[in-house]
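A structural walkthrough
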Amino acid sequence: MKVLGIDIGGSAFKGAPVDTKTGRLLAERHRVEVDAPCPTAQGLAAVREIVQHFKWKGPVSIGFPGIIKGDHIRAVGNLGENWAHLNGAALFGRATGGKVRIFNDADAAGLAEMKFGAGRGQKGTVLMLTFGTGIGSALFYQGQLFPNVELGWIPWRGKPIERFASAAVRKRRDLSWAEWAKRVNLSLGAMERLLSPELIIVGGGVSKKSEKWFKYLKVRARLVPAKMLNDAGIVGAALAWEQPR
Ligand code: BGC
């Protein structure tokens with residue numbers, strides 16, 4: 001099946017048509033920068049632009065950085081509170097004139113890694129983490145997704161731990177890789193203690209630079225960079241379309 005996958009991030013919306021059988025992008029991804037936080041009208045226009053860029057008439061499936069229940073956005077991380085409690089599928093559908101579904105962005109990326117990437121054929125408990133503006137998480141047991149797991153919201157000093165250890169924090173605070181890895185270790189430690197995964201897959205832009213910081217990480221689980229790198233969000237959003245709801 002061919003689905004337009006869109007990955008909504010804290011600083012840009014990215015999309016491409018995807019063949020869900022092969023996990024391949026059918027065209028080069030199109031990227032639209034947005035403000036942070038992102039006004040609703042700007043976000044809707046960004047999705048419309050991606051759809052128009054590909055002259056897309058088919059299904060559109062979106063990975064969104066928040067808790068998604070059915071068609072609704074229940075809570076939002078970093079995109080802006082204005083997005084909370086909206087019927088996301090209906091809003092994006094009206095903006096594009098087509099059929100749209102939405103899913104949590106990290107769940108989507110996890111689906112792609114489990115089907116085509118580092119989690120392929122992996123049994124037991126697998127944790128997929130995405131380090132970007134926030135920390136996204138997706139949990140799998142025997143290949144099945146447990147949706148809307150929000151490990152970036154583990155409390156740390158009264159705040160969600162993603163505000164202490166996300167990739168955006170490393171840049172903002174100008175931390176060395178070693179300094180930032182100490183923070184990541186703290187969050188991975190808490191997550192391991194809660195879930196005892198066999199495998200942790202690390203995605204997001206920083207997974208491309210794993211040689212710079214993986215050496216500082218201390219975890220019991222096997223830890224690997226995401227294989228699909230930046231495409232996991234787009235491919236996974238497209239795959240999520242076929243998930244039972
Ligand atoms: C949101 C999650 C999202 C993650 C990565 C967090 O702030 O709460 O839903 O998966 O950011 O975008």
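For clarity, every value in this text was computed on a predicted model and none was experimentally measured.

Points about the overall build of the chain
When you go through the chain residue by residue, the secondary structure sums to 8 helices and 15 strands. Rg of the C-alpha trace for the chain: 17 Å, near the compact-globule value of 18 Å for 245 residues, within the 12% margin. Classification of the 245 residues of the chain by burial places 57% in the buried group. Considering only contacts within the chain whose residues lie at least 6 apart along the sequence, 63% involve residues at least 24 apart. As displayed, the chain offers around 11,600 Å² of accessible surface, 51% of which is attributable to carbon and sulfur atoms. Side-chain charges of the chain comprise 36 positive and 20 negative groups, with the mean position of each set lying 2 Å from the other.

A short note on the sheet that holds strand 15 (residues 222–225)
Strand order in the open sheet formed by 5 strands is 11-10-9-14-15, and the pairing between neighbours is mixed. If you trace the sheet from one side to the other, it starts and ends with strand 11 (144–146) and strand 15, each paired once. Direction aside, the axes of adjacent strands within the sheet are offset by 25° on average. Where strand 9 (residues 125–131) lies against strand 10 (residues 135–141), 7 bridges are found, and the strand directions are antiparallel. Within strand 10, the position partnered with Leu 127 by the bridge is Leu 139. Here helix 3 (residues 105–116) sits on the sheet and contacts strand 9, strand 10, strand 11 and strand 14 (199–203); the angle it forms with strand 10, its principal contact strand, is near 50°.

Digging into the environment of Glu 198
For Glu 198, the location among the structural elements is in the loop between helix 6 (177–195) and strand 14. With relative accessibility at 42%, the residue Glu 198 sits in the partly exposed group. As a C-alpha pair, Glu 198 and Gly 134 span 64 residues in sequence and 23 Å in three-dimensional space. With residues near it in sequence (within four places) discarded, Glu 198 still touches Gln 122, Lys 123, Gly 124, Thr 125, Ala 221 and Arg 222.

Quick look at the domain arrangement of the chain
When its domains are assigned, the chain resolves into domain 1 (2–107 + 231–240) and domain 2 (118–227). One C-alpha centre belongs to domain 1, the other to domain 2; they are set 23 Å apart. Among the residues domain 1 hides against domain 2, the three largest losses belong to Asn 78, Ala 106 and Asp 107. Together they make up 56% of the total. Connecting domain 1 to domain 2 are 2 residue pairs in polar contact (both at pLDDT 80 or more). Listing elements by their share of the side of domain 1 that touches domain 2, those giving two or more residues are strand 6 (66–69) and helix 3. Looking at the side of domain 1 that touches domain 2 element by element, the count peaks at 4 residues for strand 6. Of the residues contributing to the side of domain 1 that touches domain 2, the split by class is 4 nonpolar, 6 polar and 2 charged.

Quick notes on the side chain of Thr 130
Structurally, the position occupied by Thr 130 is in strand 9. Classification of Thr 130 by relative accessible area gives buried; the value is 16%. Not counting chain neighbours up to four residues away, the residues in contact with Thr 130 comprise Ala 106, Ala 109, Ile 135, Gly 136, Gly 203 and Gly 204.

What about the site of the ligand?
Looking at the ligand, the residues that line it are Pro 65, Gly 66, Gly 77, Asn 78, Asn 104, Asp 105, Ala 106, Ile 135, Gly 136, Glu 150, Trp 153 and Glu 162. Gly 66 has a polar backbone atom sitting 3.1 Å from an oxygen atom of the ligand. Look at the ligand: alone it shows 310 Å² of surface, and the protein chains cover 92% of it. The cavity where the ligand resides is the largest pocket. Those elements giving two or more residues to the shell around the ligand turn out to be helix 3 and strand 10. Grouping the amino acids of the shell around the ligand by side-chain chemistry returns 4 nonpolar, 5 polar and 3 charged. Split by domain, the residues of the shell around the ligand number at least three in each of domain 1 (2–107 + 231–240) and domain 2 (118–227).

Rules and cut-offs
Residues numbered from 1 in each chain as written. Predicted model: local features only at pLDDT ≥ 70, side-chain atom pairs only at ≥ 80, totals over all residues. Heavy atoms only, no water. Helix = DSSP H or I, 4+ residues; strand = E, 2+ residues; numbered from the N terminus. Rg over C-alpha atoms; globule rule 2.2 N^0.38 Å. Buried < 20%, exposed > 50% of the residue type's maximum accessible area, 1.4 Å probe, protein only. Contact = heavy atoms within 4.5 Å. Areas by Shrake-Rupley, 256 points an atom, 1.4 Å probe, with all protein chains shown as cover. Lys, Arg positive; Asp, Glu negative; His and termini not counted. Charge placed at Lys NZ, Arg CZ, Asp CG, Glu CD. Pairing = 2+ DSSP bridges. Axes fitted to C-alpha atoms, helices over the stretch in contact; angles between N-to-C directions. Domains from an automatic or database assignment. Buried area = accessible area lost by both parts, 1.4 Å probe. Polar contact = N/O pair within 3.5 Å; in protein donor to acceptor, adjacent residues only side chain to side chain. Nonpolar A, V, L, I, M, F, W, Y, C, P; charged D, E, K, R; others polar. Near = heavy atom within 4 Å. 1 Å grid on protein atoms, 1.4 Å probe; cavity = no way out; pocket = protein on both sides within 12 Å on 5 of 7 lines; lining within 4 Å. Sits in = over half its atoms within 2 Å of the grid points.

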